[in-house]
Amino acid sequence: VAKNNSTIDSETTSSVSAAEAIPKEHLTNLFFLVGSWFSPIKSGIQFDTIISNPPYIPTDEINNLQQEVQHYEPHLALDGGADGISCLREIMLSACSYLSQEGILLMEMGFDQYEKLEQESLKIEKYEKPIFIKDYAGHYRVVLLKMKKR
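Because the structure is a prediction, the values reported are computed rather than measured.

The residue glutamine 70 is located in helix α2 (residues 67-72) in this model. Discounting residues that sit within four places of it in the chain, glutamine 70 has contacts with Ile62, Asn63, Asn64 and Leu65.

Membership of the largest hydrophobic core comes to 25 residues, with the highest contact counts inside it found for Met92, Leu105, Leu117 and Tyr127. Every element with two or more residues in this core is listed here: α4 (86-95), β2 (99-108), α5 (114-124) and β4 (140-146). Ranked by residues supplied to this core, first place goes to α4 with four residues. Setting aside residues up to four positions removed in sequence, leucine 117 forms contacts with Ile85, Leu88, Met92, Met109, Phe132 and Val143.

Moving on to α4. All buried positions along α4 are accounted for by Cys87, Leu88, Ile91, Met92 and Ala95. Projection of α4 onto a plane perpendicular to its axis shows the buried side chains occupying an angular sector of 135°, all on one side. Considering only its buried residues, α4 is in contact with β1 (47-52), β2, α5 and β4.

Another point: the sheet that holds strand β3 (residues 131-134). If you walk across this open sheet you meet the four strands as β1-β2-β4-β3, and the pairing is mixed. Here the strands that pair on one side only, and so sit at the sheet edges, are β1 and β3. The sheet shows a mean angle of 15° between the axes of neighbouring strands, taken without regard to direction. Relative to β4, β3 runs antiparallel, the two being bridged by four bridges. By the bridge assignment for β4, phenylalanine 132 is matched with valine 143. Seen against the sheet, α4 touches β1, β2 and β4 and runs at an angle of roughly 170° to β2.

Summed over the entire model, instances satisfying the criterion amount to six salt bridges. A salt bridge links glutamate 120 to arginine 89; the nearest nitrogen and oxygen atoms lie 3.2 Å apart. A residue pair is termed long-range when its members are at least 10 positions apart, and glutamate 120 in helix α5 and arginine 89 in helix α4 qualify at 31 residues. Salt-bridge contacts for glutamate 118 lead to lysine 129; the nearest nitrogen and oxygen are separated by 3.6 Å. On the criterion of sequence distance, the pair formed by glutamate 118 in helix α5 and lysine 129 in the loop between α5 and β3 is long-range, its members being eleven residues apart. In this structure lysine 129 comes out as exposed when scored by relative accessible area, which is 59%. Among the charged side chains, a network of salt bridges with common partners joins Asp83, Arg89, Glu120 and Lys123.

Attention now moves to unusual backbone geometry. Within the chain, tryptophan 37 stands out as a residue other than glycine whose phi angle is a positive 45°. Take tryptophan 37: it is sitting in the loop between α1 (10-20) and β1. The class of tryptophan 37 is partly exposed, set by a relative accessible area of 22%. Positive phi values are uncommon outside glycine, yet glutamate 125 reaches one of about 65°. You can call glutamate 125 exposed: its relative accessible area is 58%.

Thresholds, definitions, all that
- Position labels on residues start from 1 in each chain and follow its written sequence.
- For this predicted model, a pLDDT threshold of at least 70 governs which residues receive local features, and a threshold of 80 or more governs which side-chain atom pairs are given and counted, while totals over whole chains, interfaces and linings are taken from all residues.
- Excluding hydrogens and water, the side-chain values take into account all heavy atoms of the structure.
- Helix and strand definitions here come from DSSP, where helices need a minimum of 4 consecutive H or I residues and strands a minimum of 2 consecutive E residues; each element is numbered from the N-terminal end.
- The criterion used for residue contact is that any of the two residues' heavy atoms lie within 4.5 Å.
- To form a nonpolar core, buried Ala, Val, Leu, Ile, Met, Phe, Trp, Tyr and Cys residues must be joined to one another through side-chain atoms within 4.5 Å.
- Three labels apply to residues, based on accessible area from a 1.4 Å probe with only protein chains included: buried if under 20% of the type maximum, exposed if over 50%, partly exposed otherwise in between.
- Arc definition: it is the arc formed by the directions from the helix axis to the C-beta atoms.
- When DSSP locates at least two bridges between a pair of strands, those strands are taken to pair.
- What counts as an axis is a line fitted to C-alpha atoms, over the stretch in contact for a helix, and the angles between N-to-C directions run from 0 to 180 degrees.
- A carboxyl oxygen of Asp or Glu within 4 Å of a side-chain nitrogen of Lys or Arg is what we treat as a salt bridge.

Take it as geometry only, folks, not as evidence of what the structure does.
Written out as structure tokens, the structure reads:
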């Protein structure tokens, strides 16, 4: 839920509380954790699917965003580091330890980041060639990574 434990705020806490208030009869096998990426997950736990909407905006571009995004979204939820993919890179590197043998990782990304993400994912060598999914405007906005057969 949060990128950095030291910055967990009331907004994050209330988001988790609201999510936990969803009637349990509608959901099975779902739980919420708060922490920095995979830090609250015990070693050895495996997931079939991991979905993330991490920060992916390059630091230098945050001041150029629409005012309503720039001033009302937490900076932590926007800042993807100098190249915009530092959080995605960190998730790709860590997720392979938590994905099942045929697990998949889905992450939202910036529309112009697919080439960088393809290069980064291929360097890791634990994923098959990435699949990029377009939004309704025809821009690549989601990367799907499937674990290679072990």
